[in-house]
Amino acid sequence: MRNLFTIAIALWLCVSFFSVAEENRGDHSRHVQHVEQGFVFMFQGSNQKAISEFEAALALEPDHAEVLHYLGMAYAQQQFWNQAAENYQRSLALMPNNIEALYSLGVVYFKLDKWEDAVPVLEQVVELSPQHARGYEVLGKSLVKLRRYAEAVPILTKALALKPNAAGTYYELGMARLNLKEYTAAIENFKQALTFGPARYAEPHYGLGMAYLRLGEREKSRTEMQIYQQLQKEFAEYERLTRLTRAEPNNLEAWTGLATMLMNRKNYGQAVQAFQKCIEFAPNDATFHHGLSRAFMNLNYPKHAAQAAKRAIQLRPNQAILYNTLGSVYAMQGDPKNALVAFQKAVQLDGEQPYYHLNLSKLYQSLGNPKLAQEHYRAYEHFLSEQKAKPK
Amino acid sequence: MNTFYRNRKRNQNRPLSIIARYLFIFLWSLTLSAVVLAAAADDMILIPAGTFTMGSDTRAADEKPMHKVYLDAYYIGKYEVTNAEYYEFWKQQSDAARTPENFSHLPQIGDWPARAAQFPNHPIVGISWHDANAYAVWKGMRLPTEAEWEKAARGYTNRIWPWGNAIEPYANTDADDDGYQHRIAPVGSFPKGKSYYGVMDMAGNVWEWTADWYSDVYYGYSSQAAAKRPKKNPTGPDVGSWRVLRGGSWIDKIARCSTTFRFYLYPNLKTSFVGFRLAKTAQKTTK
């Protein structure tokens, strides 16, 4: 009887042990599943879903410094700065001196206007990784915010040595120098910001306006301030259209305006999405297909660009500009034969457009036909001067 | 009598037949070894020494600037390391940390080690950077540097994808037209997707660990000194948090599978979309 009891206890212990082991294995398996799914959502830009997945993963296995960092990053993408900071701190508690987690925390402090907190964290980043351009960049910006301009200058200069075309860093350096009354150097930095910055970058014009003003160059200052105001207005319109398309996703007019604005801002990736939205509502409007083609062309996707241009031509077979675009796409694809046919058709439909002649001239030149190349170049010059002479 | 005679005759011939049999086995093994060795040699592709263009001025910010890089000759795996190959390494390991992650929720990938038998020719996944590196060392090789990886993928031209610049279903991505929806393909399933040098699967299927730490500005400062002459055999930054991954995977859009696209993960992570291939420095021949 006693033996039977012992066996029963042993069996019970075994079963419990294996079921606990199985449960742990099951938990780990679910943890893996949530982490994987979190990554997929993150890659797709679905940060809210990524957050849910990472949180579910951490509920099963809480001490994963890496997953905590990714969760923080997903929160940061959603601009939930406090939650991001909290997760970065938890990650750093498990993995101190982690350069990227420290950098992420520094950025969040900056976003939360906690510049005093950001500075020591970012100083740690650049100490651990002396080539960390982003670290120097945000550290410099934090110092500018704290009005520690003299300290900011060498830090931002170091950032630029590592990342030479960073427009935002040039702007901040310009602001630091403006406040240090180094106006000529500041002007130089603002100009560099404009050279490397995105299209329609407003802030450096403000900096230039201020620097010229301090140097007593009032006319230049006024011009720069006017440009700044104009760009600010444009930006406000861009923001309004973005908000409008979110609030009224079926508003074709808003999508059209946004698509045009995105093309002007050279934001071709988003322009593609906006034109696709327009096509969804008005599939037979050639203008949208043409816009889509140009956006794809700028993104270096010639196959998609050609498809869209052909569709536009199907809808409006007598519009010269569509053939010109198609010709450009063919030329881009290294298909001079079809490019020639398309450019010729464009000139046939509208012979007075100088740029169609210019395209033909370039193509003939590349095909080894200098005579026709010259002929079309002359036509280009002629129609261009005529166009300039016309009253606007 | 007749029976006796026949048996006797057979017995008389036995030594000869045994010799013939052993000779046959010996020759067969020799041939098999030669085939295996030849196959092994074929599985590493020689990338000749020379300069190539790395990075891009028109794509992501961390791919800038486009710059010249000189690399000594090296070998790179024609295929990613497979489940069957990693299994040989794994069974000799005493360190449980080298065990690949299980993916019970993805039966098309499955649990380890069952998947080594079930999908022997699939690229190994669920391994950390450290596992990949340990395997490479065990094989007397190493992981490719980021520059080596890119040269093998894009060749001397500026191909967006290993096969060229047109979007084609020549890689296992998240697209529906490549024949492998939501699953990994066996290595070498996309012969049309091979690179200029004949390296397979450099776009899609699984991301590949490289030896380098990730830095978004490494190209910039590593090429500054190279303004006058190409950077020679770059090996990435000295420190970092993330290791660079290249090539894209079965869960990615084709844009992320380009020859220049740079991705990064914590080296400890074991996921269902990351594998690796081997590299080896070529011996310099002296004339």
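Everything quoted here is computed from the prediction, not taken from an experiment.

Reading the values: rules and limits
Residues numbered from 1 in each chain as written. Chains lettered and ligands numbered in written order. Predicted model: local features only at pLDDT ≥ 70, side-chain atom pairs only at ≥ 80, totals over all residues. Heavy atoms only, no water. Pairing = 2+ DSSP bridges. Helix = DSSP H or I, 4+ residues; strand = E, 2+ residues; numbered from the N terminus. Contact = heavy atoms within 4.5 Å. Axes fitted to C-alpha atoms, helices over the stretch in contact; angles between N-to-C directions. Salt bridge = Lys/Arg side-chain N within 4 Å of Asp/Glu carboxyl O. Polar contact = N/O pair within 3.5 Å; in protein donor to acceptor, adjacent residues only side chain to side chain. Buried < 20%, exposed > 50% of the residue type's maximum accessible area, 1.4 Å probe, protein only. Parallel < 35°, antiparallel > 145°, perpendicular 65-115°, else oblique. Left-handed = near helix turned anticlockwise from the far one by under 90°. Nonpolar A, V, L, I, M, F, W, Y, C, P; charged D, E, K, R; others polar. Phe/Tyr/Trp six-rings, centres within 6.5 Å; stacked < 30°, edge-to-face > 60°. Lys NZ or Arg CZ within 6 Å of the ring centre and 35° of its normal.

S.K.: What am I meant to see in the sheet that holds strand 6 (residues 231-232) of chain B here?
M.R.: Hydrogen bonds between backbone groups are what pair the strands of a sheet, and the pairing can be parallel or antiparallel. Residues and elements named next belong to chain B. Taken in spatial order, the three strands line up as 2-3-6 in an open sheet, and their pairing is mixed. Either end of the sheet is taken by a strand with one partner, and the two such strands are strand 2 (50-54) and strand 6. Both strand 3 (residues 67-71) and strand 6 contribute to a ladder of two bridges, which runs parallel. Bridge pairing in strand 6 places Y70 opposite K232. Lying over the sheet, helix 5 (residues 146-154) contacts strand 2 and strand 3, oriented at roughly 90° with respect to strand 2.

S.K.: What is the right way to look at the interface of chain A and chain B in this model?
M.R.: Interfaces are often described in size by the accessible area the parts lose on coming together. Listed as interface residues are 31 residues of chain A and, on the opposing side, 33 residues of chain B. For the pair chain A and chain B, the interface holds two salt bridges. Its salt-bridge partner being R134 of chain A, residue D216 of chain B comes within 3.0 Å of it at the nearest N-O pair. At the junction of chain A with chain B, the criterion picks out twelve residue pairs in polar contact (both at pLDDT 80 or more). At the level of elements, helix 1 (2-44), helix 3 (65-77), helix 5 (99-111), helix 7 (133-145), helix 8 (149-162) and helix 16 (302-315) of chain A are the ones that each hand at least two residues to the side of chain A that touches chain B. Broken down by element, the side of chain A that touches chain B gets its largest block of residues, nine residues, from helix 1 of chain A.

S.K.: Would you mind going over the environment of E55 of chain A with me for this structure?
M.R.: Residues and elements named next belong to chain A. Looking at where E55 falls in the secondary structure, it is placed in helix 2 (residues 47-60). A C-alpha to C-alpha distance of 8.4 Å links E55 and H34, two positions 21 residues apart in sequence. Setting aside its immediate chain neighbours within four residues, E55 contacts L71 and Y75. In this structure the side chain of E55 is engaged in a polar contact, spanning 2.5 Å, whose partner is the side chain of Y75.

S.K.: Explain unusual backbone geometry here, please?
M.R.: Excluding glycine, most residues fall at negative phi; most peptide bonds, likewise, are trans. Omega for the peptide link from K64 of chain B to P65 of chain B comes to -5°, which places this bond in the cis form. Here the bond from W112 of chain B into P113 of chain B is cis, since omega is 5°, no more than 30 degrees from zero. By the element assignment, P113 of chain B lies in the loop between helix 2 (83-90) and helix 3 (114-118). Of note in the backbone geometry, R147 of chain A takes a positive phi value of approximately 60° without being a glycine. On the secondary structure map, R147 of chain A appears in the loop between helix 7 and helix 8. By relative accessible area, R147 of chain A is classed as exposed at 64%. Here the phi dihedral of N205 of chain B falls at roughly 70°; this positive angle occurs in a residue that is not glycine.

S.K.: Just to check I follow, could you spell out the packing of helix 17 (residues 320-332) of chain A against helix 18 (residues 336-349) of chain A for this structure?
M.R.: Relative orientation and spacing of two packed helices are given, respectively, by the angle between their axes and the distance between those axes. Residue and element names in this part refer to chain A. Packing of helix 17 against helix 18 leaves a shortest axis separation of 8 Å and a crossing angle of 160°. Judged by the angle between their axes, helix 17 and helix 18 are roughly antiparallel. Viewed along their axes, helix 17 and helix 18 form a crossing whose handedness is left-handed. Here helix 17 contributes A320, Y323, N324, L326, G327, S328, Y330 and A331 to the contact with helix 18, which in turn contributes N338, A339, A342, F343, K345, A346 and L349. Taken together, the residues that form the contact of helix 17 with helix 18 break down as ten nonpolar, four polar and one charged.

S.K.: Would you explain the packing of aromatic side chains in this entry?
M.R.: The way to describe two aromatic rings as a pair is by their centre distance and the angle between their planes. Considering all chains together, one arrives at 39 aromatic pairs over all chains under this definition. Ring geometry for F43 of chain A versus F263 of chain B: centroids 5.1 Å apart, planes at 85°, classification edge-to-face. Taken together, the positions of F43 of chain A in helix 1 and F263 of chain B in strand 8 (residues 262-265) put the pair across two chains. Note on F263 of chain B: relative accessible area 9%, which makes it buried. The side chain of R265 of chain A reaches across the aromatic face of Y238 of chain A, ending 4.6 Å from its centre. We note K345 of chain A situated over the ring of Y323 of chain A; from NZ or CZ to the ring centre the distance is 5.7 Å.

S.K.: What should I look at first to understand the pattern of salt bridges in this one?
M.R.: Pairing is possible between side chains that carry opposite charge, provided their charged atoms lie close to one another. Within this structure, the stated rule accounts for 24 salt bridges over all chains. Put simply, E217 of chain A and K220 of chain A hold a salt bridge, and the shortest N to O gap is 3.2 Å. Owing to a relative accessible area of 44%, K220 of chain A belongs among the partly exposed residues under this scheme. Across the pair E208 of chain B and R277 of chain B runs a salt bridge whose closest N-O atoms are separated by 2.7 Å. Of this pair, E208 of chain B sits in strand 5 (residues 207-213) while R277 of chain B sits in the loop between strand 9 (274-275) and strand 10 (279-281), placing them 69 residues apart in sequence. Each of E146, E150, R154, R246 and R262 of chain B takes part in a single network of salt bridges with overlapping partners.

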